[in-house]
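These are the residues of each chain, in order.
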Amino acid sequence: YLTRYVRIIPNVIVTMLLTVFILPIISRKTALQTLLIDKPAELCARNGWRNIFMIHNWFKFEEMCNLHTHHIGTDFELFLIAPFLLILLWKTPRRGYAIIFTMLFIATALRFYVTYTKELTYFVPFSTRLSTLIQTANYLYTLPSHRFTVYGIGLLLGFNLRKFRSIKVNNLSFFLGQCVSILAIFVIISACKKMLGIDVQYDKFTHATFAALAPVLACIPIAWLIFLSHVGIKSESQYYFMFNLTD
């Protein structure tokens, strides 16, 4: 924990110092400076201690120093629980899988619930209110409880790749994996197309479903490529065509 914190925190502090002391000096005095330069500098001067303790992602976007660093706090907090989950997987796999899958389900359900009840959106369709976008950031992007899905899938993938090192992929398995990955990408693109456009009316159930399932679907092709690399299928042609997969 300490090694990771020491490696990250100098960069966090430097970005805060730049925001507070350097950017206000070198920026031009324009109408946008108050919004883009002076306000962030004020927030970092007042709330920068939250970034140092990696808890700034628990506060509202409107009160956060350096908005673009919210993921650092989220990732660090998820990292705090990762060793315990991996130890549990290693010692009692059945219980570990049960707990992680339960956490994955809860995180997915939370994204659906907050998107549906607060009418949030991942996109910026026409007539979207700024308050809606800010709420989306506050409830969907910053809280580790809502972002655990992708992190948990990564933990499961890494654990299984390490535990089962001698997995072989035959032609049928490769074909099925490719089909599932392509289907996941197609579903995401189709959903995005459905929710964007001038004439599209906002539907909270559609957006809530997308918020809940899109991270899971996006993990499928990425995890599949990582798995292929792990088993030794590394050439670009082999990723997309079944050439020389087995002896």
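A few points on the structure. Please read all numbers here as calculations on a predicted model, not as lab measurements.

Brief notes about the overall build of the protein
Part 1: A count of helical and extended segments in the protein gives 9 helices and 0 strands.
Part 2: Each helix (α) and strand (β) of the protein, taken in turn from the N terminus, gives the series α-α-α-α-α-α-α-α-α.
Part 3: With respect to the three principal axes, the spread of C-alpha positions in the protein is 65 × 50 × 35 Å.
Part 4: Here the protein holds 247 residues, and the buried ones make up 35% of them.
Part 5: Summed over all atoms, the accessible surface of the protein reaches about 15,400 Å², with 70% contributed by carbon and sulfur.
Part 6: Separation of charge centres in the protein, based on 23 positive and 11 negative side chains, amounts to 10 Å.

As for the pattern of salt bridges
Part 1: With the rule as written, the count across this model stands at 3 salt bridges.
Part 2: A salt bridge links E42 to R46, with the shortest nitrogen-to-oxygen separation between them at 3.2 Å. Here the residue E42 and the residue R46 both occupy positions in helix α2 (residues 33-52), the gap between them amounting to 4 residues, near one helical turn.
Part 3: For E63, the salt bridge is made with R50, and the minimal N-O distance between the two is 3.9 Å.

So, the layout of surface pockets
Part 1: Put simply, the largest pocket is a space of about 450 Å³.
Part 2: In this structure, the largest pocket is lined by 15 residues; those nearest its centre are L35, P40, L43, F61 and L67.
Part 3: Elements represented by at least two residues in the lining of the largest pocket include exactly α1 (2-26), α2 and α5 (130-141).
Part 4: Per-element accounting of the lining of the largest pocket gives the leading share, 5 residues, to α2.
Part 5: By residue class, the composition of the lining of the largest pocket is 9 nonpolar, 4 polar and 2 charged.
Part 6: Within this model, the second largest pocket holds a volume of roughly 370 Å³.
Part 7: As for the second largest pocket, its lining consists of 21 residues, and the residues nearest its centre are R147, T149, V150, Y151 and C219.
Part 8: The biggest single contributor to the lining of the second largest pocket is helix α6 (residues 144-163), with 8 residues.
Part 9: When grouped by side-chain class, the residues that make up the lining of the second largest pocket number 12 nonpolar, 6 polar and 3 charged.

So, the state of the cysteines
Part 1: Scanning the model with the defined rule gives 1 disulfide in all.
Part 2: Note that C44 is cross-linked by a disulfide to C65, the S-S spacing being 2.0 Å. Taking the sign of the torsion about the S-S bond as the criterion, the disulfide between C44 and C65, at about 90°, is right-handed. Of this pair, C44 sits in helix α2 while C65 sits in the loop between α2 and α3 (70-91); the two residues are 21 residues apart in sequence, bridging distant segments of the chain.
Part 3: Accessibility expressed as a relative area gives 1% for C65, which makes it buried.
Part 4: Unpaired in this structure, C192 has its nearest cysteine sulfur neighbour in C219, at a distance of 15 Å.

Points about the packing of aromatic side chains
Centre-to-centre distance and the angle between the planes together describe a pair of aromatic rings.
Part 1: Taken as a whole and assessed by the stated rule, the structure comprises 8 aromatic pairs.
Part 2: Centre to centre, the rings of F112 and Y116 are 5.9 Å apart; their planes meet at 10°, and the pair counts as stacked. A residue pair is termed a helical-turn pair when its members lie 3 or 4 positions apart in one helix, as F112 and Y116 do in helix α4 (residues 93-118) at 4 residues.
Part 3: Among the residues examined, Y116 registers a relative accessible area of 33% and is labelled partly exposed.
Part 4: Among the aromatic residues, those joined into a ring-pair cluster are W90, Y97, F101 and F159.
Part 5: The lysine or arginine in question, R4, covers the ring of F79, its NZ or CZ lying 4.4 Å from the ring centre.
Part 6: Between K204 and the ring centre of Y116, over which it is positioned, the NZ or CZ distance is 4.5 Å.

Rules and cut-offs
- Residues numbered from 1 in each chain as written.
- Predicted model: local features only at pLDDT ≥ 70, side-chain atom pairs only at ≥ 80, totals over all residues.
- Heavy atoms only, no water.
- Helix = DSSP H or I, 4+ residues; strand = E, 2+ residues; numbered from the N terminus.
- Buried < 20%, exposed > 50% of the residue type's maximum accessible area, 1.4 Å probe, protein only.
- Areas by Shrake-Rupley, 256 points an atom, 1.4 Å probe, with all protein chains shown as cover.
- Lys, Arg positive; Asp, Glu negative; His and termini not counted.
- Charge placed at Lys NZ, Arg CZ, Asp CG, Glu CD.
- Salt bridge = Lys/Arg side-chain N within 4 Å of Asp/Glu carboxyl O.
- 1 Å grid on protein atoms, 1.4 Å probe; cavity = no way out; pocket = protein on both sides within 12 Å on 5 of 7 lines; lining within 4 Å.
- Points joined across faces, edges and corners; volume = space filled by probe spheres on them.
- Nonpolar A, V, L, I, M, F, W, Y, C, P; charged D, E, K, R; others polar.
- Disulfide = S-S within 2.5 Å.
- Phe/Tyr/Trp six-rings, centres within 6.5 Å; stacked < 30°, edge-to-face > 60°.
- Lys NZ or Arg CZ within 6 Å of the ring centre and 35° of its normal.

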